[in-house]
Amino acid sequence: MVAALLLVGVATIVLAVIWYMQYGKLRKELNKFPGPPAVPVFGNALLLKTDRKEFYQQLQTFCEDYRQKGIFRLWLYEGLPLILVYKPEFCEILLNSSKHIDKASEYRFLHPWLGTGLLTSTGTKWKTRRRMLTPTFHFKILNDFMGVFNDQIDVMMNKLEGKWKNGSFNIFNDITLCALDIICETAMGRTINAQNDDDSDYVKAVYKITELILTRQRSPWYWPDFLFNTIGAGKEHDKLLKILHGFTGKVITEKREEFSKKKADGLTMEDILKNHDDDETSYISREKRLAFLDMLLCSTVEGESLSFLDIREEVDTFMFEGHDTTAAAMSFTMHLIGAHPEVQAKVHKELDEVFGDSNRRATMKDLKSLKYLECVIKEGLRLFPSVPFFGRTTTEDLVIDDVTIPQGTTCILVTFALHMDPIYFPNPEKFDPDRFLQENIKNRHPYCYVPFSAGPRNCIGQKFAMLEEKAMISSILRRYNVKATQKREEMCAIGEIIMRADNGVFVELSPRT
């Protein structure tokens, strides 16, 4: 017995020494990067703020402290490094790689809801899904979505008509519910009427589960499933999943039954695309519109149709990624336009040139013509990137700035800091849409501005997002003048999974004369 205990003790000491030597080598290498002082065992964990506002402000401070280097390291605890990157040259190494495309491990908390769809999948599955889904964002499909945009924007405009007379209000709520209606109809071909029924179980579940995921991501004691389910919000999380999966599952089942009848007639993806008009001014009736789900039902992988779960995880992913990000971007942009009358005057001038004094619906051709508004939206995304961080896990050793980052390390591309680099954006706090005029971007580093990520894993829906944002903002500004009633800092922008205005986005609207 004594001998056995002695053997176990010796083995434990040997393993501890081996681990410490390996960690010592890792620590020596990664400490070549700058970063706040770390303590034994806990690393920087005790230094990091737990309050989400304070934590984001702390990250902003770190990024400015190490701005000259454009990269720094944090030790979440001994042996668990985090490399934060925001220099364009370093971001290019990471994002342009065809190897380092695996999402960071923190995305695993999205798996119960989204499965391993396009956002969270890795390796062969991600590559296969990416090839399969790219045609679903074909120009003809996006043109069909114009009808959805306009229908739902009309609902929002009717609601705004009853609000502007009452003075300042939080426009984020109206924009978000409109974006949610748009994404639901374009994703599933179903309406949830969120703008007139924001008390719906599905709408509330979308917001609440996102909140729970964020809380879990920044709370290491909730990372193990057992602890999350016993001392955390695991039971509430599971109830929300039943609501979310129940809704999308019901729609998928109904759509499959509808589609099986069409498929019996030999309908393919090619047939669907051929049956839709190239005319950018055409209007597709609601009955004939395609949804993202329709195209998933057409799709095959190596000749096999997608399973029910395959389809559900992609639809759920589209729902998650496709409304919060665009709603945040549009809301921040409305604030910026309302805070800069000279920019608003230019936007109004452009809108008048394209639409005149008509109240007709916008077409794809109209939106393409709104070049200055596009610059305004892009500058808004520079100052308030909808996704403030992108996480990657290195799949093999990666060398940045002559430092070897070992395989399996989490690297975070810090979008909000990258976009504030004074080398590429002089006076970076200034809102200046002219930065994105063609003559001003031609010599700029291609990775100094990445609101939709970049490289092989860039956002597949960025054209969809830009069209939606142009459509909604142009509709509001064709009818109204907007005035921001907050200072920029009063919105209290916080970077989490999505950049959010913690205090809302308050504006006043007045009819244009």
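Residues numbered from 1 in each chain as written. Predicted model: local features only at pLDDT ≥ 70, side-chain atom pairs only at ≥ 80, totals over all residues. Heavy atoms only, no water.

Asker: Got a minute to help me understand the overall build of the chain in this structure?
Answerer: Per the secondary structure count, the chain includes 19 helices and 14 strands. Counting the 513 residues in the chain, one finds 53% classified as buried. Long-range contacts, defined here as pairs at least 24 residues apart, represent 76% of the contacts in the chain between residues at least 6 apart. (Helix = DSSP H or I, 4+ residues; strand = E, 2+ residues; numbered from the N terminus. Buried < 20%, exposed > 50% of the residue type's maximum accessible area, 1.4 Å probe, protein only. Contact = heavy atoms within 4.5 Å.)

Asker: It is not clear to me how the sheet that holds strand 11 (residues 480-484) should be interpreted in this structure. Could you clarify?
Answerer: Pairing between the strands of a sheet comes from backbone hydrogen bonds, and it takes one of two forms, parallel or antiparallel. Strand order in the open sheet made by the 3 strands is 4-14-11, with antiparallel pairing throughout. The sheet terminates laterally at strand 4 (169-170) and strand 11, the two strands that pair on one side only. Bridge count for strand 11 against strand 14 (residues 506-511) is 5 bridges, and the pairing is antiparallel. Note that in strand 14 the partner of Tyr480 across the bridge is Pro511. On top of the sheet, helix 19 (residues 462-479) reaches strand 11 and strand 14; it is set at about 105° to strand 11, its chief contact. (Pairing = 2+ DSSP bridges. Axes fitted to C-alpha atoms, helices over the stretch in contact; angles between N-to-C directions.)

Asker: How do you make sense of the packing of helix 7 (residues 171-188) against helix 19 when you look at a structure like this?
Answerer: Think of two packed helices as two axes; the pair is described by the angle between the axes and how far apart they sit. Viewed as axis vectors pointing N to C, helix 7 and helix 19 meet at an angle of 135°, and their least axial separation amounts to 12 Å. Accordingly, the angle class assigned to the pair helix 7 and helix 19 is oblique. Once helix 7 is placed against helix 19, the crossing between them reads as right-handed. Counted together, Ile171, Ile175, Cys178, Ala179, Ile182, Ile183 and Thr186 of helix 7 and Phe464, Glu468, Met472 and Ile476 of helix 19 form the full contact between these two elements. Here the contact of helix 7 with helix 19 is composed, by residue class, of 9 nonpolar, 1 polar and 1 charged. (Parallel < 35°, antiparallel > 145°, perpendicular 65-115°, else oblique. Left-handed = near helix turned anticlockwise from the far one by under 90°. Nonpolar A, V, L, I, M, F, W, Y, C, P; charged D, E, K, R; others polar.)

Asker: Hey, could you run me through unusual backbone geometry in this one?
Answerer: Excluding glycine, a negative phi dihedral is what most residues carry, and trans is how most peptide bonds are arranged. Residues other than glycine seldom take positive phi values, yet Val41 does so here, at roughly 70°. Mapping Val41 onto the fold places it in the loop between helix 1 (2-30) and helix 2 (52-65). Look at Asn193: it is not a glycine, yet its phi comes out positive at around 55°. With respect to the element layout, Asn193 can be found in the loop between helix 7 and helix 8 (201-217). Using a relative accessible area of 38% as the deciding quantity, one classes Asn193 as partly exposed.

Asker: I keep staring at the pairing of strand 14 and nothing clicks. Help me out?
Answerer: Remark: a regular strand shows side chains that alternate across the two faces of the sheet. Note: strand 4 against strand 14, 2 bridges, orientation antiparallel. The residue bridging Asn170 from the neighbouring strand is Phe506, located in strand 14.

Asker: Before we go on, may I ask you to explain the sheet that holds strand 1 (residues 71-77) in this structure?
Answerer: Across the sheet, 5 strands lie side by side as 1-2-10-7-3; this open sheet has mixed pairing. Taken across any chain shown, the strands that pair with only one partner, and hence form the sheet edges, are strand 1 and strand 3 (102-103). Pairing of strand 3 with strand 7 (residues 389-393), which is carried by 2 bridges, proceeds in the antiparallel orientation. Within the sheet, the bridge partner assigned to Lys103 lies in strand 7 and is Arg392. Against the sheet, helix 2 touches strand 1, strand 2 (80-85), strand 7 and strand 10 (410-414), its axis set at about 140° to strand 1.

Asker: Can you help me understand the packing of aromatic side chains in this one?
Answerer: Aromatic rings in a pair are described by how distant their centres are and how their planes are angled relative to each other. Enumeration according to the criterion identifies 16 aromatic pairs in this entry. For the pair Tyr222 and Phe228, a centre-to-centre distance of 6.1 Å together with 70° between the ring planes defines the contact as edge-to-face. By the burial criterion, Tyr222 is buried, and Phe228 matches it. Here the aromatic residues Phe145, Phe149, Phe292, Phe318 and Phe464 are joined through ring pairs into a cluster of three or more. The ring of Phe228 is capped by Arg216, whose NZ or CZ atom sits 4.2 Å from the centre of that ring. Looking at Arg382, its charged tip hangs above the ring of Phe425, at a distance of 5.1 Å from the centre. (Phe/Tyr/Trp six-rings, centres within 6.5 Å; stacked < 30°, edge-to-face > 60°. Lys NZ or Arg CZ within 6 Å of the ring centre and 35° of its normal.)

Asker: Just checking my understanding: could you explain the layout of surface pockets for this structure?
Answerer: Over the atoms rolls a probe the size of a water molecule, and in doing so it shows where empty space is left. Roughly 870 Å³ of internal volume is contained in the second largest pocket. What lines the second largest pocket is a set of 31 residues, and nearest its centre among them are Glu374, Lys378, Phe452, Gln462 and Lys463. Looking at the lining of the second largest pocket, the elements that each hand over two or more residues are helix 6 (139-161), helix 15 (364-369), helix 16 (371-383) and helix 19. Per element, the largest residue contribution to the lining of the second largest pocket is 5 residues, and it comes from helix 19. Partitioned by chemical class, the residues of the lining of the second largest pocket number 18 nonpolar, 6 polar and 7 charged. (1 Å grid on protein atoms, 1.4 Å probe; cavity = no way out; pocket = protein on both sides within 12 Å on 5 of 7 lines; lining within 4 Å. Points joined across faces, edges and corners; volume = space filled by probe spheres on them.)

Asker: Could you clarify how one ought to interpret helix 8 in this entry?
Answerer: Residue pairs spaced three or four apart in an α-helix point in one direction, given the helix's 3.6 residues per turn. Compared with an ideal rise of 1.5 Å per residue, which puts 17 residues at 24 Å, helix 8 spans 24 Å between its outermost C-alpha atoms and is within 8% of the ideal. All buried positions along helix 8 are accounted for by Tyr202, Val203, Ala205, Val206, Ile209, Thr210, Leu212, Ile213, Leu214, Arg216 and Gln217. (Expected span 1.5 Å × (residues − 1).)

Asker: Can you walk me through the side chain of Ser475 in this structure?
Answerer: Tracing the backbone through its elements, the reader meets Ser475 in helix 19. Here the side chain of Ser475 touches Ala471 through a polar contact of 2.8 Å, landing on its backbone oxygen. (Polar contact = N/O pair within 3.5 Å; in protein donor to acceptor, adjacent residues only side chain to side chain.)

Asker: I'm lost on the packing of helix 13 (residues 308-339) against helix 16 in this one. Help?
Answerer: Contact pair helix 13 / helix 16: the axes reach a minimum separation of 9 Å and the direction vectors enclose 105°. With respect to helix 16, the element helix 13 is oriented roughly perpendicular. For the pair helix 13 and helix 16, the contacting residues are Ala329, Thr333, Leu336 and Ile337 in the first and Val376, Ile377, Gly380, Leu381 and Leu383 in the second. Along the lines of polarity and charge, the residues of the contact of helix 13 with helix 16 split into 7 nonpolar, 2 polar and no charged.

Asker: Help me understand the environment of Ala327, please; the structure alone is not making it clear to me.
Answerer: Its location among the elements puts Ala327 in helix 13. By relative accessible area, which is 0% here, Ala327 ends up buried. Separated by 147 residues in sequence, Ala327 and Leu180 have C-alpha atoms that sit 8.5 Å apart. Sequence-distant contacts of Ala327, defined by excluding residues within four places in its chain, comprise Phe172, Ile175, Thr176 and Ala179.

Asker: It is not clear to me how the nonpolar core should be interpreted in this structure. Could you clarify?
Answerer: Here is a general trend for soluble globular proteins: nonpolar side chains tend to be buried in one another's company. Core analysis: the biggest nonpolar cluster contains 157 residues, and Trp113, Phe149, Met156, Val414, Phe416, Phe464 and Ile476 have the highest contact counts within it. With sequence-adjacent residues up to four places away left out, Ile476 is seen in contact with Met156, Met157, Leu160, Ile171, Met334 and Leu509. (Core = buried A, V, L, I, M, F, W, Y, C linked by side-chain atoms within 4.5 Å.)

Asker: Honestly, the pairing of strand 7 in this entry has me stumped. Any pointers?
Answerer: Within strand 7, 5 of the 5 residues are buried, which leaves the element mostly enclosed by the surrounding structure. Residues of strand 7 alternate between two faces, with Phe389, Gly391 and Thr393 on one and Phe390 and Arg392 on the opposite face, all of them buried. Pairing between strand 7 and strand 10: 5 bridges, direction antiparallel. Its bridge partner being in strand 10, Arg392 is matched across the sheet by Cys411.

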